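# Commentary on secondary and tertiary structure
Here is how the chains run, residue by residue.
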Amino acid sequence: MANRYKVDHLVLPVQALAVAKNRLQSLGFTVAPEALHPFGTQNACVFFTDGTYLEPLAIVDPAKYHASVKMGDVFTGRDQAFRQRDREEGFSALVAATEDARADHERFSTSGLSAGDAFEFSRPVRMPDGSQSEASFRLAFAASGSAADFFLFSCQRLQALPGDRTALERHANRASGLKEVVLFSGDDPNAARLIETVFGCEGEMSPDGDMILASGNARIRLTGKPAFSGQALNAADRRGGGLRGMGIVFSVDDLAVTEAVLAANGVSSAEAGGRLVVSAAPGQGVAFAFEEK
């Protein structure tokens, strides 16, 4: 296909942002200051040099959050559905970077994969030096009917995040970006088509029977196996159909350094197929893995 979209970020719902920040820091990540959304959620992102980022997301203003859900906003509606599905934490959305979310919305609608109306919002951005500016976004949503909670969306940065994030992109664990995003298909017959439509790519079967979709940067692995590097999905994840976020693989330039940082911070890890795998824990809702470039 002519236009392969890049992974922009991953949305990771958490119960408490403070717990998530502590966990991510113990994993060797540098965590950005908190940023408040106008619809009652707050994040504290982890930015990488490849332009991607993690978005741990917590509810901090329930009144605004529930008002947004009641208004039919897709982002908060899906987030609420995720949190109500026997869990409060995990990996709820895979996001593509785009330059035209309105065109994406039309494309998703034509394909029968739109998850609802596109919308725009702005939020303050505070840098480590205390300076503050504003970032604005336009989102277009896509999903398969099999899952009420996991979804994909494209994100257009109308007013970009501050350009110099060098300090935030430097991590003790030597992570530089996303290498692979692992999704559990949940017997959804439309899962591959959904990802192909959003990212403008075509999937290929791997020797082990998984579907590999090459976005403009990270691989997306779609699997029917209820385990990621030996880490099984929990019972709640296995109930019902539809896509599930299963695991995240990070690129690092020196796995020995990563292992030393984890050990120094008291984080247990296990070697599996040349990767270091860290099981899900409070503040880290899915398994993480680290692999050398």
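In what follows, the structure referred to is the one given above.
Since we're looking at a predicted model, the values are computed, not measured.

Rules and cut-offs
Residues numbered from 1 in each chain as written. Predicted model: local features only at pLDDT ≥ 70, side-chain atom pairs only at ≥ 80, totals over all residues. Heavy atoms only, no water. Disulfide = S-S within 2.5 Å. Salt bridge = Lys/Arg side-chain N within 4 Å of Asp/Glu carboxyl O. Buried < 20%, exposed > 50% of the residue type's maximum accessible area, 1.4 Å probe, protein only. Helix = DSSP H or I, 4+ residues; strand = E, 2+ residues; numbered from the N terminus. Phe/Tyr/Trp six-rings, centres within 6.5 Å; stacked < 30°, edge-to-face > 60°. Pairing = 2+ DSSP bridges. Axes fitted to C-alpha atoms, helices over the stretch in contact; angles between N-to-C directions. Contact = heavy atoms within 4.5 Å.

### Some words on the state of the cysteines
Two cysteines form a disulfide when their sulfur atoms are joined by a covalent bond. A complete count under the given rule lists zero disulfides for this structure. Free of any disulfide, Cys201 has its nearest cysteine sulfur in Cys155, 18 Å distant.

### As for the pattern of salt bridges
Opposite charge on two side chains allows them to pair when their charged atoms are near. In the structure shown here, the tally under the stated rule is 17 salt bridges. A salt bridge links Arg83 to Glu88; its shortest N-O distance comes to 3.5 Å. In this structure Glu88 comes out as partly exposed when scored by relative accessible area, which is 33%. One salt bridge in this structure joins Glu120 and Arg102, with 3.4 Å as the shortest N-O distance. With Glu120 in strand 7 (residues 119-126) and Arg102 in helix 4 (residues 101-110), this residue pair connects regions lying 18 residues apart in the sequence. Overall, Glu120 belongs to the partly exposed group, its relative accessible area being 43%. Accessibility expressed as a relative area gives 52% for Arg102, which makes it exposed. Within this structure, Lys179, Glu180, Asp208, Asp210, Arg219, Arg221, Lys225, Arg275 and Glu291 form a network of salt bridges that share partners.

### Some remarks on the packing of aromatic side chains
For the structure shown, the criterion picks out 20 aromatic pairs. Aromatic side chains Phe47 and Tyr53 sit 5.2 Å apart centroid to centroid with 45 degrees between the ring planes, which places their arrangement in the tilted category. As far as the burial class goes, Phe47 and Tyr53 line up, both buried. Consider the rings of Phe141 and Phe151, whose centres lie 6.1 Å apart with planes at 40 degrees: the pair is tilted.

### Side note on the sheet that holds strand 18 (residues 275-278)
Pairing in this open sheet of eight strands is mixed, and the strands run 11-12-13-10-16-19-18-17 from one edge to the other. Looking along the sheet, the strands with just one partner apiece sit at the ends: strand 11 (203-205) and strand 17 (270-272). Here the average twist between neighbouring strands, direction ignored, is 30 degrees. Sheet topology places strand 10 (residues 175-184) next to strand 16 (residues 244-252); eight bridges connect them, and they run antiparallel. Residue pairing across strands places Gly177 opposite Ser251, the latter belonging to strand 16. Strands strand 16, strand 18 and strand 19 (287-292) of the sheet are contacted by helix 7 (residues 255-264), whose axis makes an angle of about 145 degrees with strand 19.

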